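If you want the building blocks of each chain, they are given just below.
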Amino acid sequence: MSSFIVIGITDHPQPFFPPEVMTIIKSGTVFSGGKRHHEIVAPLLPENAEWIDIVPPLEQVFAQYKLAFEWLRRQPIVVFASGDPLFFGFANTIRSRLPDATLTVYPTFNSLQMLAHRLLLPYHDMRIVSLTGRPWQEFDRALIERSQKIGILTDREHTPSAIAQRMLDYGYDHYTMHVGEHLGQPSLERVTTLSLSEAAQQAFDLPNCVILNSQFSILNSFGLPDASFALLNGRERMITKMPIRLLTLQALDLPRRRVLWDVGFCTGSVSIEARLQFPHLQIESFEIRPECEAIIKENCKRFGAPGIRVHMGDFLTVDCHAIAAPDAVFIGGHGGRLKEIMAKVKAVLNPGGIMVMNSVSAQSHTLFNGACEELGLKASEPLHIAINDYNPIDILKCELPS
């Protein structure tokens, strides 16, 4: 059986290890870690030590581990990893790829802990987000959920300046940013506290990490005011009204869904309301009218709703196989091609997924029912709604059987 001992280290050029760990290092044969780790610990390794670099692709790294175990005879591979190896670290990678491996971990402080220590900032209530090789999704979610203290692991793309600019673009300007560079390296370490405007204009050395801190919390409203949206050609009746939006989101059963498609988003009101009320969702929004692209982007910034993916063009010609399959779909517009749109959605809809449409005419209601019957979709009882002097609306819903 394969066995690993994973030792956490900082970037200090003269690392300190307790006697127990030093004994492990002195008796080891095969070691592994990043190139930077090798430079730091090389003076401590036995004379005939073998080293395996952890570099992409990881398949080759684990192939080397397998070969090493064939002649190690149950002796563990000693791996060096930054900070706490279980904190977005390499120990988790070992567990996912070799779940039966024996694993022993000796952690040290991770970079966000060190930054909090430098700031004398309590971090028991800090929300942690890793942007290292990851998309913006979880960071956007932390902003939308109004987390007051956010710790962020960065990379070359998701830099402190890029993070600050994204926050400014979407109106999250009430945070202070703390940036820690080269933490653990006495001659290079730097900790800076800035406003987001200042951070957006600066460059920072790698490696670095970020803590965002706000002294107050802003609560999301339940139901966005219709008058605050940028509209298509100023046409107020083109927007799905707020009470209808909220009932539509309820019909979509979004707390239990993962991916929402909004087909025919127009102003983006349904996508944005869903993003703010259910920030765990991945939202893919489609629209054929080119002028609507600027409108949804403007509305996303007005309401602080980052992360909605916008797809422009005729939905029936979009290559949907490159987009995450939905388990909830709102059809906001169909241009007289409802059955074709529902058929295309059905082809990619996850089992148990649902489609919802708001109908203002008996004709579209009939089209929806006919498409459900022809496509083998289970239709639910419609909900009939009337608001003020607007036309009555039927909220229609169907489900793809599991």
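Parameters at a glance
Residues numbered from 1 in each chain as written. Predicted model: local features only at pLDDT ≥ 70, side-chain atom pairs only at ≥ 80, totals over all residues. Heavy atoms only, no water. Axes fitted to C-alpha atoms, helices over the stretch in contact; angles between N-to-C directions. Helix = DSSP H or I, 4+ residues; strand = E, 2+ residues; numbered from the N terminus. Parallel < 35°, antiparallel > 145°, perpendicular 65-115°, else oblique. Left-handed = near helix turned anticlockwise from the far one by under 90°. Contact = heavy atoms within 4.5 Å. Nonpolar A, V, L, I, M, F, W, Y, C, P; charged D, E, K, R; others polar. Pairing = 2+ DSSP bridges. Salt bridge = Lys/Arg side-chain N within 4 Å of Asp/Glu carboxyl O. Core = buried A, V, L, I, M, F, W, Y, C linked by side-chain atoms within 4.5 Å. Buried < 20%, exposed > 50% of the residue type's maximum accessible area, 1.4 Å probe, protein only. Phe/Tyr/Trp six-rings, centres within 6.5 Å; stacked < 30°, edge-to-face > 60°.

So, on to the packing of helix α9 (residues 242-252) against helix α10 (residues 269-277). For the pair α9 and α10, the least separation of the axes is 10 Å and the interaxial angle reads 60°. In terms of orientation, α9 and α10 fall into the oblique class. Classified by chirality, the crossing of α10 by α9 is right-handed. Here M242, R245, L246 and L249 of α9 come into contact with α10, specifically with S269, V270, E273, A274 and Q277. Split by residue class, the contact of α9 with α10 holds five nonpolar, two polar and two charged.

Moving on, we come to the sheet that holds strand β6 (residues 127-130). Strand order across the open sheet formed by five strands is β6-β7-β10-β8-β9, with mixed pairing between neighbours. For this open sheet the edge positions go to β6 and β9 (190-195), each flanked by a neighbour on one side alone. Pairs of neighbouring strands in the sheet enclose a mean axial angle of 20°, with direction left out of account. As paired elements, strand β8 (residues 176-181) and strand β10 (residues 208-213) share six bridges and run antiparallel to each other. Pairing of H178 across the sheet is with I211, part of β10. Each of β6, β7 (149-153) and β10 is contacted by helix α6 (residues 137-144), which is oriented at about 150° to β6, the strand it contacts most. Strands in contact with helix α7 (residues 160-169) are β7, β8 and β10; relative to β8, the strand with the most contacts, it is inclined by about 170°.

Attention now moves to the pattern of salt bridges. Counting across every chain of the model gives 20 salt bridges. Between D140 and R275 there is a salt bridge, with its nearest N and O atoms 3.9 Å apart. In this pair, D140 is assigned in helix α6 and R275 in helix α10, connecting sequence segments 135 residues apart. What you see here is one network of salt bridges that share partners, running through R127, R141 and E145.

Another aspect to go through is the nonpolar core. By size, the foremost hydrophobic cluster in this structure holds 59 residues, and its most contacted members are F139, M167, M177, L212, L254 and I272. The element best represented in this core is helix α11 (residues 291-303), accounting for five residues. Leaving out residues up to four positions away in the same chain, L212 has contacts with F139, Q148, K149, I150, I152, M167, Y175, T176, M177 and L196. Counting residues in each nonpolar core, the second largest holds 26 residues, with W261, V329, A371 and C372 among its members.

On to the packing of aromatic side chains. Across all of its chains, the model carries 13 aromatic pairs by this definition. Arranged with centres 5.3 Å apart and planes meeting at 65°, the rings of F4 and Y65 form a pair that is edge-to-face. Within this pair, whereas F4 is found in strand β1 (residues 3-9), its partner Y65 is found in helix α3 (residues 58-72), the two being separated by 61 residues in sequence. F4 gets classed as buried once you look at its relative accessible area, which sits at 0%. Accessibility expressed as a relative area gives 1% for Y65, which makes it buried. For the ring pair W261 and F315, a centre distance of 6.2 Å and an interplane angle of 80° mean the geometry is edge-to-face.

This paragraph deals with the pairing of β6. Successive side chains on a regular strand alternate, one facing one side of the sheet and the next facing the other. By the bridge criterion, four bridges tie β6 to β7 in an arrangement that is parallel. Bridging across to β7, I128 finds its partner in G151.

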